[in-house]
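# Descriptive analysis of the structure
The primary structure of each chain is shown beneath.
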Amino acid sequence: MKSNNIIQKHYKNISYHTAKCCPYCKSKEIVKYGYRFNHTKKKQRWKCKECSKLWVVDDGFKKIKKSRELITASLNLYMSGLSLRKVANHIN
Ligand SMILES: [Zn+2]
């Protein structure tokens, strides 16, 4: 219970969706630059004023095409003891 609260506070304090610096040139001169849309969600896109490159902050689901709910549900089933075949049957 206590560790759960700590994890939630930690998650709230560190926002995984805000960029702090440019991943290419490490410049702090960055601005929000519209959104990038994929199959499941729209993501904040950032632009560097120094090198004018665009990027999206990696939130743990980078380059993944399935929905977040499906991935977390199947991981939860696998971690709770079901075999991969049973998880696949359940998802199908
Ligand atoms: Zn840059």
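The shown structure was predicted, so the numbers you read here are calculated from the model rather than taken from an experiment. (Residues numbered from 1 in each chain as written. Predicted model: local features only at pLDDT ≥ 70, side-chain atom pairs only at ≥ 80, totals over all residues.)

Another aspect to go through is the overall build of the protein chain. Helix and strand content of the protein chain: three helices and three strands. Counting helices and strands in the order they occur from the N terminus, the protein chain gives α-β-β-β-α-α. Counting over 92 residues, the protein chain shows a buried share of 3%. Look at the contacts in the protein chain between residues 6 or more apart in sequence, and 31% of them connect residues 24 or more apart. (Helix = DSSP H or I, 4+ residues; strand = E, 2+ residues; numbered from the N terminus. Buried ≥ 20, exposed ≤ 12 C-beta atoms within 10 Å, placed from the backbone. Contact = placed C-beta atoms within 7 Å.)

With that out of the way, let us pick up helix 2 (residues 68-79). Note: α-helices contain 3.6 residues per turn, so residues at a spacing of three or four share the same orientation. Taking 1.5 Å per residue, 12 residues should reach 16 Å; helix 2 reaches 16 Å between its end C-alpha atoms and fits that length. When you tally the buried positions in helix 2, you get zero out of 12 residues, a small fraction of the element. Remark: Gly81 follows helix 2 within two positions and exhibits a positive phi of approximately 115 degrees. (Expected span 1.5 Å × (residues − 1).)

So, about unusual backbone geometry. The phi angle at Ser52 is positive, at roughly 55 degrees, despite the residue not being glycine. With respect to the helices and strands, Ser52 occurs in the loop between strand 2 (42-48) and strand 3 (54-56). The phi dihedral of Lys63 falls on the positive side, at around 60 degrees, and the residue is not glycine. You can see Lys63 is positioned in the loop between strand 3 and helix 2. C-beta crowding within 10 Å serves as the criterion here: with 6 such atoms nearby, Lys63 is assigned to the exposed category.

On to the confidence of the model for the protein chain, then. Per-chain confidence: the protein chain averages 83 in pLDDT, with 82% of residues scoring 70 or above. Ranking the elements of the protein chain by mean pLDDT puts helix 1 (residues 2-13) last with 56 and helix 3 (residues 84-91) first with 92. (pLDDT = per-residue confidence, 0-100.)

Moving on, we get to the sheet that holds strand 1 (residues 30-37). One open sheet accounts for three strands, arranged 1-2-3; its pairing is antiparallel. The sheet terminates laterally at strand 1 and strand 3, the two strands that pair on one side only. On average, each strand axis in the sheet is tilted by 35 degrees relative to the strand beside it, whichever way the strands run. Bridge analysis of strand 1 against strand 2 gives six bridges, and the strand direction is antiparallel. Bridging across to strand 2, Val31 finds its partner in Lys47. (Pairing = 2+ DSSP bridges. Axes fitted to C-alpha atoms, helices over the stretch in contact; angles between N-to-C directions.)

Looking now at the pairing of strand 2. Taken together, strand 1 and the strand that follows it, strand 2, pair antiparallel across an intervening segment of four residues. Where strand 2 lies against strand 3, three bridges are found, and the strand directions are antiparallel. Looking at the pairing, Arg45 lines up with Val56 of strand 3. Between strand 2 and strand 3, which pair antiparallel one after the other, the connecting turn spans five residues, and Ser52 there sits at a positive phi close to 55 degrees.

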